[in-house]
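Summary of structural features
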Amino acid sequence: MIKKFISLNNIGRFHNYRCKGDIDFRKVNLLYAGNGFGKTTLCAVLRSVQEGNPNFLLERNTLGKEGDPEAHIRCDNGNVKFIDGVWDKTIPNIAIFDETFIHENVFTGDSIDHEHRRNLYRVIVGKQGVELARKVEELNENIKKTNPNLKIKRDAVESHVPKGMSIEQFITLHKDEDIDVNIYRKESKIQSLGNAEAIHNTSLLDTINIPTLPNNFEHILVKTFDDVSRDAETRVKEHVVKYQLGGDEWISIGLEHIRADTCPFCEQNIEGSVIIAAYRDYFNQAYRSFIHEVELLNEQVQYDLSDHAILGLREVIKENERRIEFWKKHIEHLNAPQVEFERDIYTPLHALCQGAISLASKKRQAPLDVISFDDTFLQLRQQVCNAQEVTKSYNKTIEMLNQRIQKMKDSIASGNLNETEKAMWHLQAVKKRYAPQIMKIVEDYKLAKKAKETLEEEKRSAKEELDQHSETMIAEYQEGINKLLDRFNPEFRIANAGRDYRGGVPRSNYQLLINDTTIELGGNDQQPCFKNTLSSGDRSTLALALFLAKLEQEPDIGSKVVVLDDPFTSLDRFRRNCTRDLIRMLAEKAEQVIVLSHDPLFLQIIWDQLNTSNMKTLQLSKVGNSIAITEWDIEEETKNLYFKQHDSLMSFIYDGKGENDLFSIATMIRPVMEGWLRYRYPNQFAPKEWLGGMTKKIQEAGDDKPISQLKDIFDDLYDIKEYTNKYHHNQINPSDNEPIDQTELEGYVKRTLKLMGNY
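Note that the structure is a prediction, hence the values are computed from the model and not measured.

1. Some details on the overall build of the chain
From N to C terminus, the chain includes 27 helices and 14 strands. Per-residue burial for the chain yields a buried fraction of 45% across its 759 residues. Across the chain, the fraction of contacts at a sequence separation of at least 24, relative to all contacts at a separation of at least 6, is 71%. Per element, the accessible surface of the chain, about 40,400 Å² overall, is 47% carbon and sulfur.

2. Points about unusual backbone geometry
Phi at D566 is positive, roughly 50°, even though this residue is not glycine. Tracing the sequence through the fold places D566 in the loop between β11 (561-565) and α20 (573-589). Exposure remark for D566: the relative accessible area of 11% places this residue in the buried category. Of note in this structure, N683 is not a glycine but carries a positive phi near 70°. Note that N683 resides in the loop between α24 (662-680) and α25 (691-700).

3. Observations regarding the environment of L691
Along the polypeptide, L691 turns up in helix α25. For L691, a relative accessible area of 0% translates into the label buried. Taking the C-alpha atoms as reference points, L691 and T724, separated by 33 residues in sequence, lie 9.8 Å from one another. Every residue in contact with L691, bar those within four places of it in the chain, is listed here: R670, M673, E674, L677, K721 and T724.

4. Here we look at the side chain of N320
Following the sequence through the fold, N320 ends up in helix α13 (residues 307-327). There is a polar contact of 3.0 Å between the side chain of N320 and the side chain of Y394. Residues within four places of N320 in sequence aside, it is in contact with L205, D206, Y394 and I398.

5. Side note on the sheet that holds strand β8 (residues 493-500)
A sheet is described by the order of its strands in space; here three strands give the open sequence β8-β9-β10, paired in antiparallel fashion. Each edge of the sheet is formed by a strand with only one pairing partner; in this case those strands are β8 and β10 (517-519). The sheet shows a mean angle of 30° between the axes of neighbouring strands, taken without regard to direction. One ladder, built from three bridges, connects strand β9 (residues 507-514) with β10; its direction is antiparallel. Within β10, the position partnered with I514 by the bridge is T517.

6. As for α13
Residues spaced three or four apart along an α-helix face the same direction, because each turn holds 3.6 residues. Taking 1.5 Å of rise per residue, the 21 residues of α13 would be expected to cover 30 Å, and the 30 Å separating its terminal C-alpha atoms lies within 8% of that figure. For α13, the full list of buried residues reads I310, L313, I317, N320, R323, I324 and W327. Seen along its axis, α13 keeps its buried residues to an arc of 125°; they face one direction. Away from the buried face of α13 by more than 90 degrees, exposed residues H308 and R322 are located.

7. Here we look at the packing of aromatic side chains
Two numbers describe a pair of aromatic rings. These are the distance of the centres and the angle of the planes. Under the definition given, this model contains 13 aromatic pairs. Measuring from ring centre to ring centre gives 6.3 Å for F14 and Y17, while their planes differ by 70°; the resulting arrangement is edge-to-face. A cation over an aromatic ring shows up here: R13 above the ring of F37, its NZ or CZ 5.2 Å from the ring centre. A cation over a ring is seen here: R433 above Y434, with NZ or CZ 4.5 Å from the ring centre.

8. Quick notes on the environment of R751
Along the chain, R751 turns up in helix α27 (residues 742-755). Put simply, R751 and D716 are 35 residues apart on the chain and 7.4 Å apart in space, counted from C-alpha to C-alpha. Separated by 2.7 Å, the side chains of R751 and D716 make a polar contact.

9. Some thoughts on the pattern of salt bridges
If the charged atoms of two oppositely charged side chains come close together, the side chains can form a pair. Taken as a whole and judged by the stated rule, the model has 32 salt bridges. Across the pair D155 and K151 runs a salt bridge whose closest N-O atoms are separated by 2.8 Å. Of the two residues, D155 and K151 both sit in helix α4 (residues 114-158), four residues apart, roughly one turn of that helix. A relative accessible area of 33% places D155 in the partly exposed class. Across the pair E158 and R154 runs a salt bridge, and its minimum N-O distance is 3.3 Å. Of this pair, E158 and R154 both sit in helix α4, separated by four residues, roughly a single helical turn. The partly exposed category is assigned to R154, whose relative accessible area is 27%.

10. Comments concerning α25
All of the buried residues along α25 are L691, M694, T695 and I698. Down the axis of α25, the smallest arc covering the buried residues is 95°, so these residues share one side.

11. Re the packing of helix α17 (residues 436-488) against helix α19 (residues 536-553)
Running from N to C, α17 and α19 point in directions that differ by 130°, and their axes come no closer than 8 Å. By the angle between their directions, the pair α17 and α19 is classed as oblique. You can see that α17 and α19 cross each other, and the crossing is right-handed. Here M473, E476, Y477, G480, I481, L484, L485 and F488 of α17 come into contact with α19, specifically with T541, L544, A545, L546, F547, L548, A549, K550, E552 and Q553. Here the contact of α17 with α19 is built from residues that sort into 12 nonpolar, three polar and three charged.

12. Some thoughts on the nonpolar core
Membership of the largest hydrophobic core comes to 50 residues, with the highest contact counts inside it found for F547 and V595. The greatest single-element share of this core, amounting to nine residues, is contributed by α19. Sequence-distant contacts of V595, that is, excluding residues within four places in its chain, are made with N29, L30, L31, L564, P567, I583, F602, L603 and I606. Counting residues in each nonpolar core, the second largest holds 45 residues, with I199, L221, L380 and I405 among its members.

Parameters and conventions
Residues numbered from 1 in each chain as written. Predicted model: local features only at pLDDT ≥ 70, side-chain atom pairs only at ≥ 80, totals over all residues. Heavy atoms only, no water. Helix = DSSP H or I, 4+ residues; strand = E, 2+ residues; numbered from the N terminus. Buried < 20%, exposed > 50% of the residue type's maximum accessible area, 1.4 Å probe, protein only. Contact = heavy atoms within 4.5 Å. Areas by Shrake-Rupley, 256 points an atom, 1.4 Å probe, with all protein chains shown as cover. Polar contact = N/O pair within 3.5 Å; in protein donor to acceptor, adjacent residues only side chain to side chain. Pairing = 2+ DSSP bridges. Axes fitted to C-alpha atoms, helices over the stretch in contact; angles between N-to-C directions. Expected span 1.5 Å × (residues − 1). Arc of directions from axis to C-beta. Phe/Tyr/Trp six-rings, centres within 6.5 Å; stacked < 30°, edge-to-face > 60°. Lys NZ or Arg CZ within 6 Å of the ring centre and 35° of its normal. Salt bridge = Lys/Arg side-chain N within 4 Å of Asp/Glu carboxyl O. Parallel < 35°, antiparallel > 145°, perpendicular 65-115°, else oblique. Left-handed = near helix turned anticlockwise from the far one by under 90°. Nonpolar A, V, L, I, M, F, W, Y, C, P; charged D, E, K, R; others polar. Core = buried A, V, L, I, M, F, W, Y, C linked by side-chain atoms within 4.5 Å.

So, to be careful, I would describe these as geometric facts and stop short of saying anything about function.
Quick look at the structure:
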């Protein structure tokens, strides 16, 4: 159980908080705070100590102040401290419901994505399931890691597999001890077929394919690396030049030998050294991989668009011309297509290569810059497109000639020739398969394939165990969720809860059930889905039900510290009361409950129902320049006129109270709206600034002002102001006044409460 927040330093708006007064937590704790007063930050502190993750605090380091975040919490089993970026111990039995839980596990905005389902699955299956799921994920990742190596080894084998034969057929070919003798005999038989064999053995013409830039060329040019600052790169390079270090390899090696912030060369303390920090940033492994990728780009361009590759096309053209000379003896009017190789192919490809090398060099000199294609390079690329059209025309002609040649070859081919060639092809494949260098390549591939199959079998076994565990947990979870939803009485339920393995890792999956019709979570605006069928209140109800259902499944709920941050957001009065009842039942089961809210009336209804001495009311308020946890008199707070009038408006709409005094109800709308604006946006309006001035200030507020958010509801605020003017300026209800239209009054009261989230 958490007893007290002793101190919070340099964490968000908690600049230098020190506990003061009677602020010890009890079994049930109601903590009131306006928006922007640290509720989210306090939840981040609790989430950080629960997970032992310092990032939740480090990312909230108070701006404009020196010093690292520090926290000191007192629990019933001792104190817990966060100093120098680490917790000395954790409080793992904390369960937190807040915007972070919703956005990580349920939905963000109006959508549910893969990450939500994956995280919710972990919540559902519990610690045992998470361990099993982690094993499946690790095996899946290991399988993925084997794929590149397996592909390399498979490609190495396939490069030797004869055309028309599968890799499996090639690998399983039987060894022939007399292969050379048998090949010699088969060659002799083919030669004896005479002229027909010469025609048959002369190949068809070859098409030409223009070499292209590497597939990742443009991607690498525009790729940047956010984890390394230009300052780190500049510092390292200047340091290397300044001291004539010759290179950075030995620096990289030296960094690996730093222990306890002590230089491995001179044993001096290097804590806080700017150049050492730059070294560590610069030699980040991911960044070095990125630089290696940039440095290889030039070589890839020179290889893919080398003169050797380009001039190889000319050799193909010349070989085609030689073959055509042969085929002219057997086919009439067979002419080679004409290509100006130097002008139409070589020149544009060579120029493109030089232009690409230039861009790759620029990227190498400034790897963190985005290198875009300039106009000159775009023109070169267009010229290559023209060259591709030339080769397309050339290949089309070649294919037409090949059709004529093949027709002639087929006309003179004999069955004996086909059988002999097929046997020869098979013998050549056997000889290649059992060449010493090929035997080693095949064996390497078989070993890599076997390793992957072993991992896949382990994954299958782990997945079966996980599935059995998941089925039980998910079925119980769905039943628990729907029981909770029954209390809130929404128009939907959860159906077909389960899991799948899309992407290779387990994730949760479920459907919404509305009017006996199942609705998918994903989808688009053209079909019913989560996005367009659930209201904001329904989504909040679903999120809370998912959280509470999991808590009820926990066997150790009696040792849990449950934190609820504004659990009633966007809920109507009925659901708000249901939330209150669930918090009461939760308080009976859990070790401790902490409820944070910006709505004192919601905290009041919890206070009124629980009515226990083991309950504490606190608030987050500004003390000096820091937010502080202070005592809060909830009974005194909720007695003021604003809350009484607010309650009167609620009773008028929901209970019909006040229908005999419509004028009094009408006069309450304006001060309630003014009070709500002051509570919602403290320090944004002057003490004597009323609704007329407030609406004008909202209309004129710049985007940097918090109240600029109210522009979305400005029209409603303005209409309410105009409607209430006649009652604001005339607080007496003379008999000759225009009668109040009850329907119109109800409409404006509902609009007022709706803006406040109470209708």
